[in-house]
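Okay, here's what each chain looks like letter by letter:
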Amino acid sequence: MTLNSTVLQQRLAQVRKESGLSQQEFSEKLGFLSRTYGAWERGERDPPADLFFALYEKMRVNPLWLVGGPSAAKPKIGMSMAELTGRIVESIEHQESELNLKISPANKRRIAELMFEYFSSEESFDEKQVSMLIKAAT
């Protein structure tokens with residue numbers, strides 16, 4: 001998956017506006033500086049994976065949708081994209097702790113993208129496969 005900056009900018013603004021919050025209020029809710037969040041929304045900087053995690057955890061925004069994916073896509077795995085997103089976020093956090101790793105935001109984003117692609121075409125979600133993907137990516 002490639003990052004579509006224009007779509008990401010538009011969708012970040014859409015989520016914020018639909019929440020009824022200003023950029024400052026929205027960025028504070030997510031745990032980021034207002035000027036940093038503003039740069040992401042204007043497309044001046046690529047956001048870290050932590051933004052995608054925060055948007056999912058606090059607003060239940062599908063990270064795949066943010067970067068240009070369909071909002072209601074249902075992967076082959078038999079769960080919604082929101083459910084798959086939740087499993088991926090939890091698995092990355094668990095494996096990072098379990099393997100005693102410090103994974104950079106950029107690598108978390110790459111790992112999440114890889115996991116979306118992989119598990120969307122699989123019949124099941126297996127923690128052993130997650131561990132192998134994370135080990136290979138770090």
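These notes cover the structure that comes with them.

About the cut-offs
- Residues numbered from 1 in each chain as written.
- Predicted model: local features only at pLDDT ≥ 70, side-chain atom pairs only at ≥ 80, totals over all residues.
- Heavy atoms only, no water.
- Core = buried A, V, L, I, M, F, W, Y, C linked by side-chain atoms within 4.5 Å.
- Buried < 20%, exposed > 50% of the residue type's maximum accessible area, 1.4 Å probe, protein only.
- Helix = DSSP H or I, 4+ residues; strand = E, 2+ residues; numbered from the N terminus.
- Patch = residues over 30% accessible without salt bridge, like charges linked within 9 Å, V, L, I, M, F, W, Y side chains within 5 Å.
- Areas by Shrake-Rupley, 256 points an atom, 1.4 Å probe, with all protein chains shown as cover.
- Salt bridge = Lys/Arg side-chain N within 4 Å of Asp/Glu carboxyl O.
- Lys, Arg positive; Asp, Glu negative; His and termini not counted.
- Charge placed at Lys NZ, Arg CZ, Asp CG, Glu CD.
- Contact = heavy atoms within 4.5 Å.
- Phe/Tyr/Trp six-rings, centres within 6.5 Å; stacked < 30°, edge-to-face > 60°.
- Axes fitted to C-alpha atoms, helices over the stretch in contact; angles between N-to-C directions.
- Parallel < 35°, antiparallel > 145°, perpendicular 65-115°, else oblique.
- Nonpolar A, V, L, I, M, F, W, Y, C, P; charged D, E, K, R; others polar.

1. Side note on the nonpolar core
Link 1 in the chain: With 17 residues, the main nonpolar core has Ile 88, Ile 92, Met 115, Phe 119 and Phe 125 as its most contacted residues.
Link 2 in the chain: For this core, the elements supplying multiple residues, two or more each, are helix H4 (49-59), helix H6 (81-98), helix H7 (105-120) and helix H8 (127-137).
Link 3 in the chain: For this core, the element with the highest residue contribution is H7, accounting for five residues.
Link 4 in the chain: In this structure, Leu 12, Phe 52, Trp 65 and Leu 66 belong to the second largest nonpolar core, which totals 16 residues.

2. A word on a negative patch on the surface
Link 1 in the chain: Taken together, the side chains of Glu 57, Glu 90, Glu 93 and Glu 127 make up a negatively charged region of the molecular surface.
Link 2 in the chain: Within the element layout of this structure, Glu 90 appears in helix H6.

3. Digging into H4
Link 1 in the chain: Along H4, the positions that sit buried rather than exposed are Ala 49, Leu 51, Phe 52, Phe 53, Ala 54, Leu 55 and Tyr 56.
Link 2 in the chain: Arg 60 sits one or two residues past H4 and shows a positive phi near 60 degrees.

4. Details of the side chain of Gln 95
Link 1 in the chain: Position of Gln 95 among the secondary structure elements: in helix H6.
Link 2 in the chain: The exposure class of Gln 95 is buried, given its relative accessible area of 6%.
Link 3 in the chain: When residues no more than four places from it in sequence are discounted, the contact partners of Gln 95 are Asn 100, Glu 127, Val 130, Ser 131 and Ile 134.

5. Quick word on the packing of aromatic side chains
Link 1 in the chain: Summed over all chains, the structure comprises three aromatic pairs.
Link 2 in the chain: Seen in terms of ring centroids, Phe 26 and Tyr 37 are 5.4 Å apart; in terms of plane orientation they differ by 65 degrees. Their pairing is edge-to-face. On the criterion of sequence distance, the pair formed by Phe 26 in helix H2 (residues 23-30) and Tyr 37 in helix H3 (residues 34-41) is long-range, its members being eleven residues apart.
Link 3 in the chain: Measuring from ring centre to ring centre gives 5.0 Å for Phe 32 and Trp 40, while their planes differ by 80 degrees; the resulting arrangement is edge-to-face.
Link 4 in the chain: Feature note: the residues Phe 26, Phe 32, Tyr 37 and Trp 40 constitute an aromatic cluster, connected by ring pairs.

6. As for the packing of H2 against H3
Link 1 in the chain: Relative orientation of the contacting elements H2 and H3 amounts to 105 degrees, with a least axis distance of 8 Å. Regarding the angle of H2 to H3, the classification is roughly perpendicular. In this structure, H2 uses Gln 23, Gln 24, Phe 26 and Ser 27 to contact H3, whose residues at the interface are Ser 34, Tyr 37, Gly 38 and Glu 41.
Link 2 in the chain: Tallied by class, the residues present in the contact of H2 with H3 amount to two nonpolar, five polar and one charged.

7. Let's talk about the pattern of salt bridges
Link 1 in the chain: Within this structure, the stated rule accounts for three salt bridges.
Link 2 in the chain: A salt bridge links Arg 42 to Glu 44; its shortest N-O distance comes to 2.9 Å.
Link 3 in the chain: Using a relative accessible area of 45% as the deciding quantity, one classes Arg 42 as partly exposed.
Link 4 in the chain: By relative accessible area, which is 53% here, Glu 44 ends up exposed.
Link 5 in the chain: Lys 108 is the salt-bridge partner of Glu 96, the closest N and O atoms lying 3.3 Å from each other. With a gap of twelve residues between them, Glu 96 in helix H6 and Lys 108 in helix H7 connect regions that are remote in the sequence. Residue Glu 96 shares its accessibility class with Lys 108, and that shared class is buried.

What is shown is where atoms sit, not what they do.
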